[in-house]
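Next come the chains, spelled out residue by residue.
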Amino acid sequence: MQSHKGQNKKYVVILLLSVLLMALVMAGLWLLQQEEEPEAFSSSIDETDEANSDTAGVVYFDGVAYIPKEHLTTTLILGIDETGLMESNGSYINSAQSDFVTLIVLDEDTDSYSLLQLNRDTMLDVQCYGVGGKYVGTSVMQLALAHTYGDGMEDSCENSVTAVSTFLYGAEIDHYIAVNMTGVERLVDGIGGVTVTIQDDFSSVDPSLVEGETMTLTGSQCVTYIRSRKDVGEETNLSRMERQKQFMLEVMEQLQVKWSEDSGSITGVLTDIASYMLSDYSGTKLINFMDQLAQCECEGIVSPDGEAVLGEEYMEFYADEDSVKQCVIALFYQPAETGAED
C-alpha cells in the first residue's frame with residue numbers, strides 16, 4: 001500500500017506534466033497564428049540558417065512576401081553645412097551638421113537608380129561618443145547631428161551611415177560621399193550652372209532669385225537656394241527639401257549628360273572639389289560609379305511621410321513607420337514570386 005507521501009509525489013509529477021503539455025499547446029497555437037498572420041517586416045526564418053539559404057532574407061509587408069534585390073549599390077550623399085577645406089578638427093566632436101541627406105540606390109539588374117531623400121530633422125537613434133571618442137550609447141536626436149560625433153571626417157560620415165542604416169531597418173549602405181558647401185559651389189560652377197525654376201520668395205535673402213522664374217544658377221546662388229530657410233517662404237525644412245530635391249535631380253541629370261559627352265571634364269571637376277569632399281570610394285571606384293550612373297535611368301526620388309513639430313528648441317520630424325517600410329520595400333526588395341520566376 002502506497003504512503004500518502006508517495007501519492008503526493010505522483011500528483012506533483014502529473015501536475016508538472018500537465019502544465020508542460022499546456023505550455024507546448026499554447027506555444028504551438030502561437031506559432032500557427034504567426035504563420036497565418038505574418039508580422040509586417042519580420043524575417044520568416046533565421047537568416048543565418050544555411051540549410052534554408054534559398055529563402056533567407058524573406059520579409060512580409062501587408063501580408064506579401066518579399067526577398068532582397070541582389071545587385072544593388074547604395075551610396076549615401078551628405079551635404080555638410082560648412083565651408084572651406086574639409087579637414088579633421090582633431091576632436092571627438094565637431095559642429096558640422098548634414099544639411100541634406102540622400103541615398104542613391106543603384107540597381108544593376110534594371111540599369112536604374114532611385115533616390116531616397118531623408119529629412120535632416122528626422123528623429124532617430126544616433127550613436128554618441130564622449131571624451132576621447134569613447135562610445136557612450138545611443139540617443140534619439142535629429143539625423144543632422146549624427147555627423148557632429150567625430151572629428152568631421154571618416155568617423156563622422158560613418159556615424160551618419162550607421163544612423164541611416166538603422167533607421168532603414170538595417171539596409172546595407174555600401175559607400176558615402178560627403179560634400180560641404182564650398183564643394184557644392186565649385187561643383188555647380190564646374191558643370192556650367194544648374195537650371196531651375198525658383199521656388200519660394202527669396203527677396204529678403206537674395207533678390208536675384210526671383211520666385212517663379214527659370215534661371216541657370218551659379219554655384220553661389222545654388223548654395224543660397226538649397227541652404228536658406230530663415231526668411232524664405234514658409235521657413236520650414238520641408239519646403240527647403242523640395243528645393244534640394246529639385247536641385248539634386250537637375251544635378252544628377254546634368255552630370256549624366258556631361259559624363260556621356262566628355263567624362264574627362266567631370267573627372268576634372270571631381271579633382272577640383274576633392275579638398276571639399278570626402279568619400280570611402282577610391283578615385284578609380286568613384287569614376288566607375290559615375291560611369292554606371294551615366295548609363296542608368298533615374299526612377300525618381302522618394303521620401304518618407306511624417307510630421308514636423310517644434311521640439312523644446314528646434315524642429316523635429318517624426319517619420320511615419322509604415323511610410324518608411326514602404327520606401328525600404330520599394331528600394332531594397334522585390335516580391336518573392338518575382339524572384340522565384342527569375
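Computed from a predicted model, the values in this text were never measured in an experiment.

Here is what the cut-offs are and how they apply
Residues numbered from 1 in each chain as written. Predicted model: local features only at pLDDT ≥ 70, side-chain atom pairs only at ≥ 80, totals over all residues. Heavy atoms only, no water. Buried < 20%, exposed > 50% of the residue type's maximum accessible area, 1.4 Å probe, protein only. Phe/Tyr/Trp six-rings, centres within 6.5 Å; stacked < 30°, edge-to-face > 60°. Lys NZ or Arg CZ within 6 Å of the ring centre and 35° of its normal. Pairing = 2+ DSSP bridges. Helix = DSSP H or I, 4+ residues; strand = E, 2+ residues; numbered from the N terminus. Axes fitted to C-alpha atoms, helices over the stretch in contact; angles between N-to-C directions. Contact = heavy atoms within 4.5 Å. Polar contact = N/O pair within 3.5 Å; in protein donor to acceptor, adjacent residues only side chain to side chain. 1 Å grid on protein atoms, 1.4 Å probe; cavity = no way out; pocket = protein on both sides within 12 Å on 5 of 7 lines; lining within 4 Å. Points joined across faces, edges and corners; volume = space filled by probe spheres on them. Nonpolar A, V, L, I, M, F, W, Y, C, P; charged D, E, K, R; others polar. Parallel < 35°, antiparallel > 145°, perpendicular 65-115°, else oblique. Left-handed = near helix turned anticlockwise from the far one by under 90°. Expected span 1.5 Å × (residues − 1). Salt bridge = Lys/Arg side-chain N within 4 Å of Asp/Glu carboxyl O.

Draft legend 1. A look at unusual backbone geometry. Non-glycine residue aspartate 200 carries a positive phi angle of around 75°. What makes aspartate 200 buried here is its relative accessible area of 16%.

Draft legend 2. Fine view of the packing of aromatic side chains. Going through the model one piece at a time under the given rule, you end up with three aromatic pairs. Residue placement shows arginine 243 over the ring face of tyrosine 225; its charged tip is 5.8 Å from the ring centre.

Draft legend 3. Representation of the sheet that holds strand β15 (residues 333–335) in the model. With antiparallel pairing, the three strands of this open sheet are ordered in space as β1-β2-β15. Each having just a single partner strand, β1 (59–61) and β15 make up the two edges of the open sheet. Sheet twist, expressed as the mean angle between neighbouring strand axes with direction ignored, is 45°.

Draft legend 4. Highlighting the environment of asparagine 119. Within the secondary structure, asparagine 119 sits in the loop between β5 (112–118) and β6 (123–129). Asparagine 119 sits in the buried class, given a relative accessible area of 4%. Residues asparagine 119 and tyrosine 318 lie 199 residues apart in sequence; the distance between their C-alpha atoms is 9.4 Å. Residues within four places of asparagine 119 in sequence aside, it is in contact with Leu143, Asn237, Leu238, Met241 and Phe317. Separated by 2.8 Å, the side chain of asparagine 119 and the backbone nitrogen of aspartate 121 make a polar contact.

Draft legend 5. Region of the structure containing empty space enclosed by the protein. Taken as a whole, this structure holds three cavities of 30 Å³ or more when the rule is applied. Each pocket or cavity is described by its volume, and for the largest cavity that value is around 340 Å³. Looking at the largest cavity, it is lined by 20 residues, and the ones nearest its centre are Ile77, Ile177, Val179, Leu187 and Leu255. In the lining of the largest cavity, the residues fall into 20 nonpolar, no polar and no charged.

Draft legend 6. Structural detail: the packing of helix α6 (residues 263–272) against helix α7 (residues 283–294). The interhelical angle for the contact between α6 and α7, taken along N-to-C directions, is 135°, at an axis separation of 11 Å. Regarding the angle of α6 to α7, the classification is oblique. Crossing hand, α6 versus α7: right-handed. Where α6 abuts α7, its residues Ile266, Thr267 and Leu270 lie against Leu286, Ile287 and Met290. Along the lines of polarity and charge, the residues of the contact of α6 with α7 split into five nonpolar, one polar and no charged.

Draft legend 7. View of helix α2 (residues 154–167). In a regular helix each residue adds 1.5 Å, so 14 residues correspond to 20 Å; α2 covers 20 Å between its end C-alpha atoms and thus fits that length. Within the span of α2, buried status applies to Ser156, Cys157, Asn159, Ser160, Val161, Ala163, Val164, Ser165 and Phe167. Phi turns positive one or two residues past the end of α2, at tyrosine 169, with a value near 60°.

Draft legend 8. Layout of the pattern of salt bridges. Taken as a whole and assessed by the stated rule, the structure comprises eight salt bridges. A salt bridge links aspartate 272 to arginine 186; its shortest N-O distance comes to 2.9 Å. Taken together, the residues aspartate 272 in helix α6 and arginine 186 in helix α3 (residues 181–190) connect sequence positions 86 residues apart. Looking at aspartate 272, the relative accessible area reads 36%, which means it is partly exposed. The partner of aspartate 200 in a salt bridge is arginine 243, with the nearest N and O atoms 2.6 Å apart. Of this pair, aspartate 200 sits in the loop between β9 (194–197) and β10 (214–217) while arginine 243 sits in helix α5 (residues 237–261), and the two are 43 residues apart along the sequence. For the residue pair aspartate 200 and arginine 243, the accessibility class agrees, reading buried in each case.

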